[in-house]
Amino acid sequence: MLALLASLGSCLVGPERECEKADEHCADGVAYTCEAYEAGMSGGTRWDPKRCASAEHCRTYQYGAFCTLDPTPHPECAGQTVALCDATHAVVCQAGYRVEWAACAECSADLRTCDQGLWKQCGSGKGGCLPGLVCDNGFCQVPCACPEGSECPACAQYGEVAGYLFRCKSGICRIELQPL
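About the thresholds
Residues numbered from 1 in each chain as written. Predicted model: local features only at pLDDT ≥ 70, side-chain atom pairs only at ≥ 80, totals over all residues. Heavy atoms only, no water. Disulfide = S-S within 2.5 Å. Helix = DSSP H or I, 4+ residues; strand = E, 2+ residues; numbered from the N terminus. Buried < 20%, exposed > 50% of the residue type's maximum accessible area, 1.4 Å probe, protein only. Salt bridge = Lys/Arg side-chain N within 4 Å of Asp/Glu carboxyl O. Pairing = 2+ DSSP bridges. Axes fitted to C-alpha atoms, helices over the stretch in contact; angles between N-to-C directions.

K.L.:
How do you make sense of the state of the cysteines when you look at a structure like this?
P.N.:
As used in these notes, a disulfide is a covalent bond between sulfur atoms, one from each of two cysteines. Taken as a whole and assessed by the stated rule, the structure comprises 9 disulfides. Two residues, Cys 26 and Cys 58, share a disulfide whose sulfurs are 2.1 Å apart. What sets the handedness of the Cys 26 and Cys 58 disulfide is the S-S torsion sign, and at about -90 degrees it is left-handed. You can see Cys 26 sitting in strand E2 (residues 25-27) and its partner Cys 58 sitting in strand E5 (residues 58-61), a full 32 residues away along the chain. Relative accessible area serves as the criterion here: at 5%, Cys 58 is assigned to the buried category.

Written out as structure tokens, the structure is:
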């Protein structure tokens, strides 16, 4: 019986650890973050690389690596890792750098009332979208006239997310990871 249990134990797959959170880093404009994953009854960690706009847009701090929208700290973020909101836009900060922003029609500090802006819910009693945006599948989106599948920088006038770019798909700006 012990031999049977021992042989079963050798079949169980343990977690595969490709990286540790403390090893997150930047290399050649790529932020290497260590992400946990689950696969059936096992799991582990693996590298999740994200291409930043340039090497100057990749930063590390005590909690890991990340891409930024700007190569230098942004005054609006003032060393914070928070979400900020004023009357016209919402900003997500990490260690003093902007990592995301989106235009809003109305916005309060708690971000729960950032209305009618990019990626906000719309239609069916949820309200409309800012002028220039369209309600697509229940969310405010940027329409685009760029060639199908091409990068569409004009879409960024309503928002940006570090490490991502906009591509025109079926007349709507869709956000995708920057290719490695």
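K.L.:
Please clarify how the pattern of salt bridges should be interpreted in this entry.
P.N.:
As a working rule, side chains carrying opposite charge can pair if their charged atoms are close by. Tallying each qualifying case throughout the model produces 6 salt bridges. In this structure, Glu 20 engages Arg 17 in a salt bridge whose closest nitrogen and oxygen atoms are separated by 3.2 Å. The exposure class of Glu 20 is partly exposed, given its relative accessible area of 37%. Connected through salt bridges with shared partners, the residues Arg 167, Lys 169 and Glu 176 form a single ionic network.

K.L.:
What is the right way to look at the sheet that holds strand E7 (residues 83-85) in this model?
P.N.:
The 4 strands are arranged E7-E8-E9-E12 in an open sheet whose pairing can be described as antiparallel. A single partner strand is all that each edge strand has here, and the edge strands are E7 and strand E12 (159-161). Put simply, the sheet's adjacent strands are angled 25 degrees from each other on average, direction ignored. Looking at chain direction, E7 and strand E8 (residues 89-94) are connected through 3 bridges and run antiparallel. The partner of Cys 85 across the bridge, within E8, is Ala 90.

K.L.:
Would you explain the pairing of strand E9 (residues 97-103) in this entry?
P.N.:
The two faces of the sheet receive side chains in turn, since in a regular strand these alternate between them. For E9, the buried fraction is high: 6 of the 7 residues fall into the buried class. Strand direction decides the pairing type here: E8 and E9, joined by 6 bridges, are antiparallel. From the neighbouring strand, His 89 faces E9, where its bridge partner is Ala 103. What sits between E8 and E9 in their antiparallel hairpin is a turn of 2 residues, with Ala 95 showing a positive phi close to 50 degrees. Where E9 meets E12, 3 bridges bridge the pair, whose relative direction is antiparallel.

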